Amino acid sequence: MILDIVQISKELFSAEFAIRTGSTPIGDIHLQGSLGSMEAEIVLNYQDTCFGMVHEHLEQKPAKRAFRPYAIYEDGAVIGVVYQSEEKLGLFKGYSFREMHFSGKSYRMFSVGLGNEGYKFPIYEGERQIAEIDKPCVVYDELHEYKIYALDAPSAMTASLLCAYLYVSGAYTPGEKVIRSKVKTITITANKFLKEKYDPGFIKGMDP
């Protein structure tokens, strides 16, 4: 399954995205921030389901370090959490990732920069890859675009939640309004572990 998540507006403290499969709209994402905070409240509508994502301090922190945690809500109840974390491989070696616990399952999303090819964000449930988010290295007018490749509909929904968190924890710039711009950011990942998480063959033959 292939989805496009396309930003359609960026105001000083808000942003909106459309979620589409081909030319068919299936949902949207709304972010609302405030003065003096890097965080925002998120509402994600995916087909017939509405999720809320709010920056909250965790009552029960995971064993690993958790940065910028967001609770995931459905019908007023917390059903998950997503945060940034890191893994140490030695004194000076390690890598960062985003982790989500959602509906009884755990997922990790890794970041791999491929230079002019842009960014790849493979998503794993355990040792099994279930989705990938692609992002170009060029952003026009501060409107970001993401493409999701997922094994099935539930995996696509999971990737959509991670995509919303990816934006708010990375690209979201509250207090800035740009009318016309072109920004190209080139990153080449050298970390061997992260490079091994990216499988170029994952998206081959995937149907919309």
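Before any of the text, the structure's been laid out above.
All figures in this text were calculated on a predicted structure; none of them were measured in a lab.

A.B. asks: Explain the overall build of the protein chain to me, please; I cannot follow it from the model alone.
C.D. replies: On a plain count of helices and strands, the protein chain comes out with two helices and 15 strands. Taking 17 Å as the expected radius of gyration for a compact globule of 208 residues, we find that the protein chain reaches 16 Å, a close match to that expectation. Judged by the C-alpha coordinates and their principal axes, the protein chain covers about 40 × 40 × 35 Å. Across the 208 residues of the protein chain, 45% fall into the buried class. Put simply, 45% of the contacts in the protein chain that link residues at least 6 apart link residues at least 24 apart. Summed over all atoms, the accessible surface of the protein chain reaches about 10800 Å², with 52% contributed by carbon and sulfur.

A.B. asks: Sorry, what's going on with the side chain of T189 here?
C.D. replies: Inspection of the secondary structure assignment puts T189 in the loop between β15 (182-184) and α2 (192-197). Using a relative accessible area of 15% as the deciding quantity, one classes T189 as buried. Of the polar contacts made by the side chain of T189, one reaches the backbone nitrogen of G113; its length is 2.7 Å.

A.B. asks: In this structure, what is going on with unusual backbone geometry? I would like to understand it.
C.D. replies: Most peptide bonds take the trans configuration, and most residues that are not glycine carry a negative phi. In the Ramachandran plot, Q47 falls in the positive-phi region, its phi being about 55 degrees despite a non-glycine side chain. Inspection of the secondary structure puts Q47 in the loop between β4 (40-46) and β5 (49-55). For S103, which is not a glycine, the phi torsion comes out positive at approximately 50 degrees. With respect to the helices and strands, the residue S103 is situated in the loop between β8 (94-102) and β9 (105-109). Given the relative accessible area of 51%, S103 is considered exposed.

A.B. asks: What is the right way to look at the pattern of salt bridges in this model?
C.D. replies: As a working rule, side chains carrying opposite charge can pair if their charged atoms are close by. Within the structure shown, the criterion is met by nine salt bridges. Linking K147 and D4 is a salt bridge whose minimum nitrogen-to-oxygen distance equals 2.7 Å. With K147 in strand β14 (residues 145-150) and D4 in strand β1 (residues 2-10), this residue pair connects regions lying 143 residues apart in the sequence. In this structure D4 comes out as partly exposed when scored by relative accessible area, which is 21%. Between D134 and K120 there is a salt bridge; the shortest N-O distance is 3.2 Å. One end of the pair, D134, is in strand β12 (residues 128-135); the other, K120, is in strand β11 (residues 119-125), with 14 residues separating them in the sequence. Judged by its relative accessible area of 10%, D134 falls in the buried class. By relative accessible area, K120 is classed as buried at 11%.

A.B. asks: Explain the pairing of β12 here, please?
C.D. replies: Regular strands have side chains that alternate between both faces of the sheet. With seven of its eight residues buried, β12 lies for the most part within the structure. Where β11 meets β12, seven bridges bridge the pair, whose relative direction is antiparallel. The residue bridging Y119 from the neighbouring strand is K135, located in β12. Where β11 folds back onto β12 in an antiparallel hairpin, the turn is made up of two residues, including G126, whose phi is positive at roughly 65 degrees. Across four bridges, β12 lies against β14 in antiparallel orientation. When the bridges of β14 are listed, A131 appears paired with A150.

A.B. asks: How do you make sense of the pairing of β11 when you look at a structure like this?
C.D. replies: Counting buried residues along β11, six of its seven residues qualify, which places the element largely inside the surrounding structure. Here β9 runs beside β11; their pairing, made up of two bridges, is antiparallel. Considered in β11, the bridge of M109 is made with I123. Direction of pairing for strand β10 (residues 112-113) relative to β11: antiparallel, over a ladder of two bridges. Bridge assignment links V112 to a residue of β11, and that residue is K120.

Reading the values: the criteria
Residues numbered from 1 in each chain as written. Predicted model: local features only at pLDDT ≥ 70, side-chain atom pairs only at ≥ 80, totals over all residues. Heavy atoms only, no water. Helix = DSSP H or I, 4+ residues; strand = E, 2+ residues; numbered from the N terminus. Rg over C-alpha atoms; globule rule 2.2 N^0.38 Å. Buried < 20%, exposed > 50% of the residue type's maximum accessible area, 1.4 Å probe, protein only. Contact = heavy atoms within 4.5 Å. Areas by Shrake-Rupley, 256 points an atom, 1.4 Å probe, with all protein chains shown as cover. Polar contact = N/O pair within 3.5 Å; in protein donor to acceptor, adjacent residues only side chain to side chain. Salt bridge = Lys/Arg side-chain N within 4 Å of Asp/Glu carboxyl O. Pairing = 2+ DSSP bridges.

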